[in-house]
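# Secondary and tertiary structure notes
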Amino acid sequence: RSGLFAAWASVAGLNAVCGILIWAMLVKDFRFAYVAQYSSRLLPWYYSLSAFWVGQSGSLLLWAWFLGLLALTYRFWPRREASRLRETAFALLMAYFCFLIAVMAFGADPMEPSLTVPQEGEGLSPSLQHPAMLIHPPVVFLGFAAWSVPFALALAALVSGQLDAKWIRESRPWALL
């Protein structure tokens, strides 16, 4: 139970972080270094939204957010019978989630404050101001996160020694996603 509570709490915290950073991008709050680096007052709102995942730390944040949501979805997905394999795979997914959070916390913090608050941000590179930037990166990171479920199931099957076809059947919908 404490593991599930920790999973819910960490994903809820990451939801809050994503919400704050998206709001900061939309209102051009340059107190965040990430917003000052990738947004400007002249940038339309939809490109400000796409600036959320343009930089390394924003991409990691989006990836971790998708992974956390999909891990919880996987954990509570309707199932026919209780499976020890599911619990192990969920633990592996949450370990991966924690790894992404640790990379952000120690190497690429999207919530890092600006040392001096600029009046205007640097803006988004003109080559990234394209409608495909609204779709392409989120789909890619959703794919990375979705493929984590079959990987976690395969690893859980190897660790537990349950090398029958059960893990393949359980991972099939996630692989198709």
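Here's a quick rundown of the structure.

Conventions used here
Residues numbered from 1 in each chain as written. Predicted model: local features only at pLDDT ≥ 70, side-chain atom pairs only at ≥ 80, totals over all residues. Heavy atoms only, no water. Helix = DSSP H or I, 4+ residues; strand = E, 2+ residues; numbered from the N terminus. Buried < 20%, exposed > 50% of the residue type's maximum accessible area, 1.4 Å probe, protein only. Contact = heavy atoms within 4.5 Å. Axes fitted to C-alpha atoms, helices over the stretch in contact; angles between N-to-C directions. Left-handed = near helix turned anticlockwise from the far one by under 90°. Nonpolar A, V, L, I, M, F, W, Y, C, P; charged D, E, K, R; others polar. Arc of directions from axis to C-beta. Patch = residues over 30% accessible without salt bridge, like charges linked within 9 Å, V, L, I, M, F, W, Y side chains within 5 Å. Areas by Shrake-Rupley, 256 points an atom, 1.4 Å probe, with all protein chains shown as cover. Salt bridge = Lys/Arg side-chain N within 4 Å of Asp/Glu carboxyl O. Core = buried A, V, L, I, M, F, W, Y, C linked by side-chain atoms within 4.5 Å.

## Focus on the overall build of the protein chain
- When you go through the protein chain residue by residue, the secondary structure sums to seven helices and zero strands.
- In terms of its C-alpha atoms, the protein chain occupies a principal-axis envelope of roughly 60 × 35 × 25 Å.
- Burial status across the protein chain gives 42% buried among its 177 residues.
- Taking all contacts inside the protein chain whose residues are at least 6 apart in sequence as the whole, residues at least 24 apart take part in 73%.

## Section: the packing of helix H1 (residues 2–27) against helix H5 (residues 84–106)
- Where H1 meets H5, the closest approach of the two axes is 12 Å, and the angle between their N-to-C directions is 40°. The element H1 and its partner H5 pack so that their crossing is left-handed. In this structure, H1 uses Leu4, Ala7, Ser10, Val11 and Leu14 to contact H5, whose residues at the interface are Phe90, Met94, Phe97, Ile101 and Met104.
- Taken together, the residues of the contact of H1 with H5 break down into nine nonpolar, one polar and no charged.

## Re helix H7 (residues 166–176)
- The complete set of buried residues in H7 reads Glu170, Ser171 and Trp174. Down the axis of H7, the smallest arc covering the buried residues is 85°, so these residues share one side. Exposed residues lying more than 90 degrees from the buried face of H7 are Arg169, Arg172 and Leu176.
- Next to the buried residues of H7 lie helix H4 (56–75), H5 and helix H6 (136–160).

## Re a nonpolar patch on the surface
- Taken together, Trp23, Leu26, Val27, Trp45, Tyr46, Leu134, Ile135 and Val139 make up a surface patch of nonpolar side chains, about 810 Å² in accessible area.
- Sorting the residues of the nonpolar patch by element identifies H1 and helix H3 (45–50) as the ones contributing at least two each.
- Its location among the elements puts Leu134 in the loop between H5 and H6.

## Describing the nonpolar core
- Among the nonpolar cores identified, the biggest contains 50 residues, and Val35, Phe52, Leu61, Tyr74, Leu93 and Phe97 are the most heavily contacted of them.
- Counting residues per element, the ones that place at least two in this core are H1, helix H2 (33–38), H4, H5 and H6.
- Counting residues per element, this core draws most heavily on H4, at 11 residues.

## What to know about the pattern of salt bridges
- Taken as a whole and assessed by the stated rule, the structure comprises three salt bridges.
- We note a salt bridge from Asp29 to Arg31, for which the minimum N-O separation is 2.7 Å.
- For Asp29, a relative accessible area of 15% gives the class buried.
- For the salt bridge of Glu87 with Arg75, the shortest nitrogen-to-oxygen distance reads 3.4 Å.

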